[in-house]
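Inside the fold
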Amino acid sequence: QAASTYIDPVRGRSNLDVVTGALASRLEFSDATGGEPRATALIYTDADGVERRAKLSTNGEALLTLGAVGSPQLLMLSGIGPEEHLKERGVEVVKH
């Protein structure tokens with residue numbers, strides 16, 4: 001099992017949150033004026049259907065795994081991707 005190999009040994013860390021049964025809907029970014037945008041929060045719907053906001057660390061890294069289709073989809077829903085494609089769908093462009 002992947003969970004017992006990768007997650008179980010570090011599950012007790014204070015800087016780790018594992019959320020299952022959730023649907024990620026978008027990332028929020030800091031103001032990227034003059035620099036690269038930084039993800040500051042993840043908006044997701046939990047297993048009970050409640051929309052939640054998870055603040056991301058500003059001093060470290062965040063690992064979000066959604067697979068070969070889900071990861072690019074989340075980035076595009078968050079405004080990262082081909083500018084014309086995002087604008088056609090009414091998504092505010094963060095980075096193209």
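Above this text sits the structure in question.
Residues numbered from 1 in each chain as written. Predicted model: local features only at pLDDT ≥ 70, side-chain atom pairs only at ≥ 80, totals over all residues. Heavy atoms only, no water.

1. Considerations on the side chain of Asp46
The cut-off we apply is this: Numbering of helices and strands starts at the N terminus; helices are DSSP runs of H or I of at least 4 residues and strands are runs of E of at least 2. Each residue's exposure class comes from its accessible area (1.4 Å probe, protein chains only) as a fraction of the maximum for that residue type: buried when under 20%, exposed when over 50%, partly exposed otherwise. Here a polar contact means two N or O atoms within 3.5 Å. Within protein one must be a hydrogen donor candidate and the other an acceptor candidate, and residues neighboring in sequence count only if both atoms are side-chain atoms. Working rule for contacts: check all heavy atoms of both residues, and any pair within 4.5 Å makes them a contact.
Positionally, Asp46 belongs in the loop between strand 2 (39–45) and strand 3 (51–55). With relative accessibility at 14%, the residue Asp46 sits in the buried group. Looking at Asp46, its side chain comes within polar contact range of the main-chain nitrogen of Asp48, at 2.9 Å. When neighbours within four sequence positions are excluded, Asp46 is seen to be in contact with Gly21, Ala22 and Arg52.

2. Describing the sheet that holds strand 2
Quick note on the threshold: DSSP-based pairing: two strands are paired if at least 2 bridges between them are found. Helix axes are fitted only over the stretch in contact, all axes being lines through C-alpha atoms; the angle between N-to-C directions runs from 0 to 180 degrees.
Spatially, three strands are ordered 1-2-3 in an open sheet, and the strand pairing comes out antiparallel. Looking at strand neighbours, the two that pair on one side only are strand 1 (23–29) and strand 3, the edges of this open sheet. Sheet twist, expressed as the average angle between the axes of neighbouring strands with direction ignored, equals 25°. Bridge count for strand 1 against strand 2 is six bridges, and the pairing is antiparallel. Note that in strand 2 the partner of Leu23 across the bridge is Thr45.

So far we have only geometry, and geometry alone does not tell us how the molecule works.
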